[in-house]
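An overview of the molecular structure
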Amino acid sequence: MLSQYLYISTAPSLSREEVDAILASSSRNNPERGITGLLLYNGRNFLQLLEGEESELKKLMLRIGSDPRHSGVSLLSNRSVEQRSCPQWAMKRVFIAESVESRKQTLDAELPDDLDPETRKMIVNFAVLN
Ligand SMILES: Cc1cc2nc3c(=O)[nH]c(=O)nc-3n(C[C@H](O)[C@H](O)[C@H](O)COP(=O)(O)O)c2cc1C
C-alpha cells in the first residue's frame, strides 16, 4: 500500500551544512527503499512529505523520530494514495523565498502539480507563516 506522510518538527538554527547532510542521507537511502518526497526548512522547523510503501515509511519515521538533530516530530497527515506526487524526487529541498509576498507564488511553481489540495494548503501555510 502506497502512503504519504506529512510531518513538522522543531530544529532551531541548523546550519546549511547540517541540512545538506540530511539531504545527502536521504538521497543515498531513499531510492533503494522506494521513498520519495520533499523537505522544507524555515530556520526553526522542518516540514517533510514522505511517500512510499507503508512498511518502509514506518521504519523511516522511527529513525527520523529518534534523530537528535530535531525534536517534537508531529504528524500532520498520514494517508494512503493511489500514486506518488513526487515520483522523481529522492528528497527535494524546497526553498522558502525570503520575501513573504513572493512565497506563495514561488512555492506554487516548485511544488508538484498533483499534490492533493489539502496537502498543498498545509505546505503553503507552513512556508508563509513566520
Ligand atoms: C528532518 C529530517 C529528515 C530526514 N529525512 C530522511 C529521509 O528522508 N531519508 C533518510 O534516509 N534519512 C532521513 N533523515 C536522517 C535519519 O534520521 C537518519 O539519520 C539516517 O537515515 C541515517 O542513515 P545514514 O547513516 O545513511 O545517514 C532525516 C533526518 C531529519 C532530521
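Let me sum up the structure you'll find in this document.

**Structural notes on the sheet that holds strand E4 (residues 71–80)**
With mixed pairing, the five strands of this open sheet are ordered in space as E4-E1-E3-E2-E5. In this open sheet, the two strands that pair with only one neighbour each are E4 and strand E5 (92–93). Looking at chain direction, strand E2 (residues 36–41) and E5 are connected through two bridges and run parallel. Bridge pairing links Leu39 to Arg93 in E5. Sheet contacts for helix H2 (residues 54–65): strand E1 (2–10), strand E3 (45–53) and E4; angle to E3, the most-contacted strand, approximately 155 degrees.

**Examining the site of the ligand**
Not every one of the 16 residues close to the ligand is listed here, only the nearest: Ser25, Ser26, Asn29, Phe46 and Asp67. Secondary-structure elements contributing two or more residues to the shell around the ligand are helix H1 (16–33), E3 and H2. By residue number, the principal contributor to the shell around the ligand is H1, which donates six residues.

**Here we look at unusual backbone geometry**
The backbone of Ser13 sits at a positive phi, close to 50 degrees, despite the residue not being glycine. Mapped onto the elements of the fold, Ser13 is located in the loop between E1 and H1.

The rules behind each value
Throughout this description, residue numbers start from 1 for each chain and increase along the sequence as written. Where totals are concerned, whole chains, interfaces and linings use all residues; where local detail is concerned, this predicted model gives features only for residues with pLDDT of at least 70, and gives and counts side-chain atom pairs only at 80 or more. If DSSP finds at least two bridges between two strands, the strands pair. Secondary structure elements follow DSSP: runs of H or I of four or more residues count as helices, runs of E of two or more count as strands, with numbering from the N terminus. Distance between backbone-placed C-beta atoms decides contact: two residues are in contact if it is within 7 Å. Inter-axis angles, ranging from 0 to 180 degrees, are taken between N-to-C directions of lines fitted to C-alpha atoms, where helices are fitted over the stretch in contact. We call a residue near a molecule or strand when its C-beta atom, built from the backbone, sits within 6 Å of it.

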